[in-house]
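Residue-level listing of the chains:
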Amino acid sequence: MLHSSKPNPDDRYVRGQRALAEIDGAAGQAVIDALADIAPDFARYVLEFPFGDIYSRPGLDLRSREIATIAALAALGNAAPQLKVHIRAGLNVGLTQAEIVEILIQMAVYAGFPAAPNGLFAAREVFASKPA
């Protein structure tokens, strides 16, 4: 008989904390802290699921994951705060400003207008606030 060991839920949390710190640094922790005020369970879910489970998977590097995330958030068209966080994260994991601009221009084809220029405006704000 096969015995499957039950995963320790704290492993997801710890993986999530590590991934969030690597990707978003202090900005990511600020989001978690802000959520913990109103919905501590949801703050934990954010650490465990997106960062502990998904971002920690093998198969794509963090750079590739941020390309996909920036594109998806820009395409949604209603997630400017999250888009800005992930544009910063993209810079943190090695994307250049020029690459981020290209990702957002690409959205004009698949997400249309105004998704592309709105994404570019969000990027401009992030780039302007990023230390040189």
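Criteria and cut-off values
- Residues numbered from 1 in each chain as written.
- Predicted model: local features only at pLDDT ≥ 70, side-chain atom pairs only at ≥ 80, totals over all residues.
- Heavy atoms only, no water.
- Helix = DSSP H or I, 4+ residues; strand = E, 2+ residues; numbered from the N terminus.
- Expected span 1.5 Å × (residues − 1).
- Buried < 20%, exposed > 50% of the residue type's maximum accessible area, 1.4 Å probe, protein only.
- Contact = heavy atoms within 4.5 Å.
- Salt bridge = Lys/Arg side-chain N within 4 Å of Asp/Glu carboxyl O.
- 1 Å grid on protein atoms, 1.4 Å probe; cavity = no way out; pocket = protein on both sides within 12 Å on 5 of 7 lines; lining within 4 Å.
- Points joined across faces, edges and corners; volume = space filled by probe spheres on them.
- Nonpolar A, V, L, I, M, F, W, Y, C, P; charged D, E, K, R; others polar.

A.B. asks: An account of helix α2 (residues 40-54) is requested, with residue identities and associated values reported.
C.D. replies: Under the 1.5 Å per step criterion, the end-to-end length of α2 is 20 Å for 15 residues, consistent within 8% with the ideal 21 Å. Three or more residues of α2 are buried, namely Ala-43, Val-46, Leu-47, Glu-48, Phe-51 and Gly-52.

A.B. asks: Now, about the environment of Gln-97: what can you tell me, with residues and values included?
C.D. replies: Along the chain, Gln-97 falls in helix α5 (residues 97-110). For Gln-97, a relative accessible area of 39% puts it in the partly exposed group. Each C-alpha atom of the pair Gln-97 and Asp-61 lies 18 Å from the other, and the pair is 36 residues apart in sequence. If we skip the residues at most four places from it in the chain, Gln-97 touches Leu-91 and Phe-127.

A.B. asks: Lay out the pattern of salt bridges with the relevant residues and their values.
C.D. replies: Taken as a whole and assessed by the stated rule, the structure comprises six salt bridges. Note that Glu-48 and Arg-44 form a salt bridge whose closest N and O atoms lie 2.8 Å from each other. You can see Glu-48 and its partner Arg-44 sitting in helix α2, four residues apart, about one turn around the helix. The exposure class assigned to Arg-44 is partly exposed, which follows from its relative accessible area of 30%. Between Lys-84 and Glu-125 there is a salt bridge, with its nearest N and O atoms 2.7 Å apart. Taken together, the positions of Lys-84 in helix α4 (residues 80-92) and Glu-125 in helix α6 (residues 115-129) put the pair 41 residues apart, joining distant regions of the chain. Each of Arg-12, Arg-15, Arg-44, Glu-48 and Asp-53 takes part in one network of salt bridges that share partners.

A.B. asks: Which residues make up unusual backbone geometry, and what values go with them?
C.D. replies: Phe-113 connects to Pro-114 through a cis peptide bond whose omega is 10 degrees. Structurally, the position occupied by Pro-114 is in the loop between α5 and α6.

A.B. asks: Break down the environment of Ile-32 for me, citing the residues and quoting the values.
C.D. replies: Along the chain, Ile-32 falls in helix α1 (residues 9-38). According to the relative accessible area criterion, Ile-32 is buried, its value standing at 7%. Sequence separation of Ile-32 and Phe-127 is 95 residues, and the distance between their C-alpha atoms is 23 Å. When sequence neighbours within four positions are dropped, the list of residues in contact with Ile-32 reads Leu-20, Ala-43, Val-46 and Leu-47.

A.B. asks: Describe in detail the layout of surface pockets, supporting the description with residues and values.
C.D. replies: Empty space within the largest pocket amounts to approximately 480 Å³. As for the largest pocket, its lining consists of 17 residues, of which Val-31, Val-46, Phe-51, Gln-82 and His-86 are closest to the centre. Among the elements of the structure, α1, α2, α3 (62-76) and α4 are those that each provide at least two residues to the lining of the largest pocket. Per-element accounting of the lining of the largest pocket gives the leading share, six residues, to α1. Taken together, the residues of the lining of the largest pocket sort by class into twelve nonpolar, four polar and one charged.

Any link to function would need more than the numbers given here.
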